[in-house]
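Fold and geometry: a report
Listed here are the chains, written in short residue letters.
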Amino acid sequence: MITPTLQTAHIPILHQQPLSPPIGRFAPSPTGELHLGSLTTALASFCHIKSLGGKWLLRIEDTDTERCDRQFTEQILIDLEVLGLQWDGDVIYQSERIDIYNDYLSSALLPLTYGCQCSRKDLERYWSQQAQTSSTTQTLEPLPAGLNATDIKQLLPNRQRYPRCCLNANLDRQQHKLRIQLPDHKIGFSDGIQGLQWDNPQQTLGDMVVRRQDGMINYILAASLDDGLQQVTHIMRGLDILPMTTAQISIMQAANLPAIDHWYHLPLICNPDGQKLSKQNLAQPIDTRDPSKLIADALQLLQQPEVDRDTPTRMLAQAIAQWDNTPLKGKSALNLPNY
């Protein structure tokens, strides 16, 4: 974690060489079957870490018992095997690790967490009252000229940021959802695809919910702890997770877990209309009846050198040998061709 100053803000972040072999991971959530977007993430993370001589772990992020389904988990495992994307070691299921997450909430993360009883309606009411108070007690002046969108956003209240109504209420931690206090300063990290990144997790995300009132562990806590406990060194995932990275860095540091050495956030796979492929947008599940074609199409989408059409194992071996992140650098989206 690095706090920027006038002296350091322009200096590239240097990483110490890890002593252990590189470890990457693929961590799908079984709320549906794999689609082309999630496949490209799996394929990219697999080829990249294997090109470094590392291990590729598989973790099923199934803490959301309302949306996750065991049949989707089984299909994901089948699809990966058919495609030759063989993971190292045992599959980790987050639903079987709830006690571990709660142990951290009761120990290392205890000083940073607090109970919260605010509902979404409570927060909507709060922000409405704040807006009314502001309009009646202040004369609104026009914003200074020359501001860009980022400058204006910083001047306006962030309604996604929790206003800490319950911070000092001393609510029962077991009877209410838990929030974690994120640091209020900029954190920097070097992204191997998107470049140097700076963000203030408190200003961007606020105090995030890490455990719901019903006991369900939220993504950011489980992923942060497991990446540290599994000693992951290289994380390659979708660009949509980039805004949560400084929160993850903060949580891992607070939990005294080893830091991630290398971050890579892949461009999002979008349909010809520019819409991100996702389960929410009803992206079609992959069809593994022709796994070689599927691999070739995904590699082409990732702008990798062409491989010989062969068995999945041989195609992946060639893709690993010639893997290159360079064509992806600085890109936020990769669009599917319009057939």
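Conventions adopted
- Note on numbering: residues in each chain are counted from 1, in written sequence order.
- The model is predicted, so local features are restricted to residues of pLDDT at least 70 and side-chain atom pairs to those at 80 or more, both for listing and for counting; the totals for chains, interfaces and linings are taken over all residues.
- Based on all heavy atoms of the structure, the side-chain values leave hydrogens and waters out of the count.
- In short, DSSP must find at least two bridges between two strands for them to pair.
- Numbering of helices and strands runs from the N terminus, with a helix taken as a DSSP run of H or I at least four residues long and a strand as a DSSP run of E at least two residues long.
- Here an angle of 0 to 180 degrees is reported between the N-to-C directions of two axes, which are lines fitted to C-alpha atoms, with helices fitted over the stretch in contact.
- By convention a nonpolar core is built from buried Ala, Val, Leu, Ile, Met, Phe, Trp, Tyr and Cys residues, the set being connected through side-chain atoms within 4.5 Å.
- Burial status follows relative accessibility: with a 1.4 Å probe on protein chains alone, a residue under 20% of its type maximum counts as buried, one over 50% as exposed, and anything between as partly exposed.
- Any pair of residues with heavy atoms lying within 4.5 Å of one another is described as a contacting pair.
- Note on definitions: salt bridges are taken to be side-chain nitrogens of Lys or Arg within 4 Å of carboxyl oxygens of Asp or Glu.

1. A word on the sheet that holds strand β5 (residues 177-180)
The strand order across the open sheet formed by three strands is β4-β5-β8, and the pairing between neighbours is antiparallel. If you trace the sheet from one side to the other, it starts and ends with β4 (113-116) and β8 (208-211), each paired once. In this sheet, neighbouring strand axes are inclined to one another by 45 degrees on average, regardless of whether the strands run parallel or antiparallel. For β4 and β5, the ladder comprises four bridges, and the chain directions are antiparallel. Bridge pairing in β5 places Thr113 opposite Ile180.

2. What about the nonpolar core?
Membership of the largest hydrophobic core comes to 43 residues, with the highest contact counts inside it found for Leu43, Cys47, Trp56, Leu80 and Leu85. Secondary structure elements with two or more residues in this core: α1 (36-51), β2 (55-60), α2 (70-82), β10 (262-266), α9 (291-301) and α10 (312-321). By residue number, the principal contributor to this core is α1, which donates seven residues. When neighbours within four sequence positions are excluded, Leu43 is seen to be in contact with Leu85, Ile295, Ala298, Leu299, Leu302 and Leu316. Formed by 19 residues, the second largest nonpolar core is a distinct cluster that contains Tyr101, Val210, Ile251 and Ala255.

3. A closer look at the sheet that holds strand β1 (residues 23-26)
Taking strand neighbours across the sheet as the criterion, the three strands line up as β1-β2-β3 in an open arrangement whose pairing is parallel. Two strands in the sheet have a free side with no partner beyond their single neighbour: β1 and β3 (92-93).

4. Observations concerning the pattern of salt bridges
Enumeration over the complete set of coordinates arrives at 15 salt bridges. A salt bridge links Arg59 to Asp227, with the nearest nitrogen and oxygen atoms 3.0 Å apart. Of this pair, Arg59 sits in strand β2 while Asp227 is found in helix α7 (residues 219-229), placing the two residues 168 residues apart along the sequence. Among the residues examined, Arg59 registers a relative accessible area of 0% and is labelled buried. Residue Asp227 is classed as buried on the basis of its relative accessible area, which comes to 0%. The shortest N-O distance in the salt bridge between Lys276 and Asp240 comes to 2.8 Å. Remark: Asp240 occurs in the loop between β9 (234-238) and α8 (245-254) and Lys276 occurs in the loop between β11 (268-270) and α9; sequence separation between them is 36 residues.

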